[in-house]
Structure formats: C-alpha cells, structure tokens
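One-letter residues, chain by chain:
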Amino acid sequence: DGGITQSPKYLFRKEGQNVTLSCEQNLNHDAMYWYRQDPGQGLRLIYYSQIVNDFQKGDIAEGYSVSREKKESFPLTVTSAQKNPTAFYLCASSESGLRSGELFFGEGSRLTVL
Amino acid sequence: QKEVEQNSGPLSVPEGAIASLNCTYSDRVSQSFFWYRQYSGKSPELIMSIYSNGDKEDGRFTAQLNKASQYVSLLIRDSQPSDSATYLCAVNKENYGQNFVFGPGTRLSVLP
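Residues numbered from 1 in each chain as written. Chains lettered and ligands numbered in written order. Predicted model: local features only at pLDDT ≥ 70, side-chain atom pairs only at ≥ 80, totals over all residues. Heavy atoms only, no water.

1. Focus: the sheet that holds strand 7 (residues 64–66) of chain A
Residues and elements named next belong to chain A.
- One open sheet holds the four strands; their spatial order is 1-3-8-7, and the pairing between them is antiparallel. The open sheet is flanked by strand 1 (4–7) and strand 7, the only strands paired with a single partner. For this sheet the average axis-to-axis angle between neighbouring strands, irrespective of direction, equals 20°. (Pairing = 2+ DSSP bridges. Helix = DSSP H or I, 4+ residues; strand = E, 2+ residues; numbered from the N terminus. Axes fitted to C-alpha atoms, helices over the stretch in contact; angles between N-to-C directions.)

Set out below in structure tokens:
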C-alpha cells in the first residue's frame, strides 16, 4: 500500500537533546512537508521541499533542520535551539504541478520534552 | 489578520441535521481550497477540494466557494455522530509551488 510512514509515533526527549523524526513516502511525490500542531490549534508549516536536495523554510523553521537527499525521505531534526518542542508533528506529501492540491499525511509523531 | 480564519467552535448539531462550517481567507491570489477532517489524536484526511466558484457535492458533503467574498464553506447533510471531529480549512496560495495555509479548525460535535 502506498503511503507515508512516520517514526517514531511517540518520542520523549530531555532538554538539550536533538532528536530526528523520520518520514518516508512511497507515493512518488515530489513535494514533502513538515507541520507542527499544538493542542487546539491548526497546522503550522516548519519546512517544505519541492524537489530532492532543495527545501524552504516555513513559518516556524527556527530550531528545526531538514534534509532531502532522496525523493522518498524527508527527516526533521528538532534541535536544542527549539524552545518549546513539545507538539504533534505531521509529515505530508503531494504531487507537484497545477492543481495538485491534496496533501497526504503520515500518522504523526508526538514529541514530549521532559 | 490571520490568513485563514475559522470559528473554533465547538459547533454542536443533532444527528440528522445539516452542519455548516465556514472559512474566510485573506489572500486574493489563493487558487485552491480544501477541507480536511481530523479525529482527535489522528492525522488530517482530505474530504473535499474546490477550485472554482460555486458548489461541489460529494455524497453528504458540499463545498461552496465564493472568491469575490473570499469565503469557503462546508455543509454536511444528515450529520452522523461519526462526523464529530475537527474540520480544517486549507488554502493553497499558489497553483504551482504548493504553499498550503491551514485555518485553526472548527470542532464539530454531532449529538445522538
């Protein structure tokens, strides 16, 4: 089955530690995204990538980093510089091109800082 | 002004009634519009997309778009308790290059 796989589903981190969230897709989509969701709030864009080896900052990129070395993979690193990292993180992908609007989401990774 | 606005709710409707969810957006260059449903603790799933002014129907769901008023709505007919979820309005500001902006979501509760 085609889809997006995020791991881990739950992650606990001590303050000062970097953590990396995995996102893999087998939909052959060019575009991939990372969103953050806080309780009772909508999705905020962290980073997105339209093509391999290229990515752009979203609205809340500070304290995060990404890479896009392969079309299928778009890992997100939450660094110690992110002041309030506890949140629900969602990876998504979409086709590129005109009116290719549907976002396909992974199941999410819930990060808690202890 | 936020780019995409929705009433946070909760919106409560009795089972079998019509639920009406509203969304306004600020950027006139927005090209495409989407409604996602998100159950508690789960990821969003697309239920409707609309690109042109007017109505688009899919089963019990109807999306309505009015670009002049910068307004998009979702009607759910014959609401069921399983429709209870948060509904996210999303706007794609570019036809190519993908810049999705989400509203805060409206929580819908369908009462048996």
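So much for the structure itself; the text now carries on.
2. Description of the pairing of strand 6 (residues 54–58) of chain B
- Relative to strand 7 (residues 61–66) of chain B, strand 6 of chain B is paired through five bridges, and the arrangement is antiparallel. If you follow B:E57 over to strand 7 of chain B, its bridge partner there is B:T62.

3. Section: empty space enclosed by the protein
All names here are of chain B.
- In the structure shown here, the tally under the stated rule is one cavity of 30 Å³ or more.
- Reported here for the largest cavity is a volume of approximately 40 Å³.
- Every residue lining the largest cavity is listed: E3, V4, Y25, S26, D27, S30, V91, K93 and V101.
- Of the residues in the lining of the largest cavity, the class split is four nonpolar, two polar and three charged. (1 Å grid on protein atoms, 1.4 Å probe; cavity = no way out; pocket = protein on both sides within 12 Å on 5 of 7 lines; lining within 4 Å. Points joined across faces, edges and corners; volume = space filled by probe spheres on them. Nonpolar A, V, L, I, M, F, W, Y, C, P; charged D, E, K, R; others polar.)

4. Some remarks on the sheet that holds strand 7 of chain B
- Spatially, the five strands line up as an open sheet ordered 1-3-8-7-6 (chain B), and their pairing is antiparallel. The open sheet has two free edges, formed respectively by strand 1 (4–5) and strand 6 of chain B, since each of these has just one partner strand.

5. Some thoughts on the environment of A:G108
Residue and element names in this part refer to chain A.
- The topology assignment puts G108 in the loop between strand 10 (104–105) and strand 11 (109–113).
- Assessed through its relative accessible area of 2%, G108 is described here as buried.
- Note: C-alpha distance between G108 and C23 (85 residues apart in sequence) is 9.3 Å. (Buried < 20%, exposed > 50% of the residue type's maximum accessible area, 1.4 Å probe, protein only.)

6. As for the state of the cysteines
- In the structure shown here, the tally under the stated rule is two disulfides over all chains.
- Between A:C23 and A:C91 runs a disulfide, and the two sulfur atoms are separated by 1.9 Å. Measuring handedness by torsion sign, the sulfur bridge of A:C23 and A:C91 sits at about -75° and is left-handed. Here A:C91 lies in strand 9 (residues 87–94) and A:C23 lies in strand 3 (residues 19–25), a separation of 68 residues in the sequence. Residue A:C23 shares its accessibility class with A:C91, and that shared class is buried.
- Between the sulfur atoms of B:C23 and its disulfide mate B:C89 the distance is 2.0 Å. Where B:C23 bonds to B:C89 through sulfur, the torsion about that S-S bond is close to -70°, and the disulfide is left-handed. (Disulfide = S-S within 2.5 Å.)

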